[in-house]
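Notes for the structure review
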Amino acid sequence: MGKVNKVLLIILISLITLFLLCVLGLRLYFRMPVRSFYKVSNKEFVIPETHKGFVAQGLTYSENDKNFYMTGYMKDNSASPIYIINKDSKKLIKKVLISNPDGSAFTGHCGGFTIYHNKIYLAGGEDCCLYVIDKNNIDKAENASFIAYEDIISLKTENDYISVAFVNTYDDLLIAGEFYREPQYPTLQRHEITCADGKNKAFALAFKLDGNKAIPEKVYSIPGNVQGMEITQDKIYLSTSWGTSISHIYIYDSSKVKSNSNYNVLGTEIPLYILDSTNLANDIKTPPMSEEIVLIDGKLYQANESASNKYVFGKFTGGKYLYSSSF
């Protein structure tokens, strides 16, 4: 081997070694602070097409079909997809692409969605609404075909609004929550509620539907950075994250979440429930960039956006998987 070739080989080996050391350091940096999370968690399936620009956001589950539904947005601003993944086989069944009623591509953030009475309700973000899609149309659609949303549920009045970041259901109510973080994501000042920890500045509104009109029933005052919410008879779960900081699953004791007053939301006086340290039962650290969550048979499943081509680092730290956890 010539001298030049030997030098090039040494450089190549050095670069490969440096790369592997960087990957190892990256894994240790992001995984060690949440090692207790991995001890109680299992990999369920690879989040679809993160290598093709998909940025995972929303997660819901159909008990009837035993299928997960995932949504989010595309890094290149192309049509936002919905992926259907079977829970048992862990295989991707298909994806559909969301369109506007006029046929143009829908490119919304799709922060979260849920299934309610065989309709899919998709978070409308700063449009302060839910987009409604017929679940049957999605289930019958061909792979990679377009499905339009068919209706809009407005969560805005002249003096109030909910900028919808996540969606869930409980007790036959839809729940739409907002994401607060200053200065990037402010909320209305009237959503600021004094609590044991200072001030909560975001709402999660529970409401019924009368046709396409939201009828407020109750409201939860929640902390900042909330990406997802799940409610059971005993517990309330909040998924919170921001950037590359450690994410958290806050678990609240439902028996201690009481309403002591009413509050006017979207023009209706409804019971106010405050989530703070007085009813917090557990704070679990989870990997950075946790998104929406869903609870199935006592296990908490959570989406994560860190392995997308937008953020990349999750490709080396386990962020490409959807995990289930037994907390």
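The text that follows walks through the structure, step by step, so that each part is easy to find. (Residues numbered from 1 in each chain as written. Predicted model: local features only at pLDDT ≥ 70, side-chain atom pairs only at ≥ 80, totals over all residues. Heavy atoms only, no water.)

Regions of empty space are outlined by a rolling probe, equal in size to a water molecule, passed over the atoms. Under the defined criterion, the tally for this structure stands at one cavity of 30 Å³ or more. What the largest cavity holds in volume is close to 130 Å³. Tyr38, Pro287, Asn304, Gly319 and Tyr323 are, among the 17 residues lining the largest cavity, the residues nearest its centre. Contributing elements (two or more residues each) for the lining of the largest cavity: helix H1 (3-31), helix H2 (35-39), strand S24 (299-304) and strand S25 (321-325). Ranked by the residues each element gives to the lining of the largest cavity, the list is headed by S24, at three residues. In terms of residue class, the lining of the largest cavity is built from nine nonpolar, seven polar and one charged. (1 Å grid on protein atoms, 1.4 Å probe; cavity = no way out; pocket = protein on both sides within 12 Å on 5 of 7 lines; lining within 4 Å. Points joined across faces, edges and corners; volume = space filled by probe spheres on them. Helix = DSSP H or I, 4+ residues; strand = E, 2+ residues; numbered from the N terminus. Nonpolar A, V, L, I, M, F, W, Y, C, P; charged D, E, K, R; others polar.)

A few words on the sheet that holds strand S17 (residues 226-231). With antiparallel pairing, the four strands of this open sheet are ordered in space as S17-S18-S19-S22. Two strands lie at the open edges of the sheet, namely S17 and strand S22 (280-286), each paired on one side alone. Sheet twist, expressed as the average angle between the axes of neighbouring strands with direction ignored, equals 15°. As paired strands, strand S19 (residues 247-253) and S22 are joined by six bridges and run antiparallel to one another. Across the sheet, the residue bridging to Tyr250 is Asp283, located in S22. (Pairing = 2+ DSSP bridges. Axes fitted to C-alpha atoms, helices over the stretch in contact; angles between N-to-C directions.)

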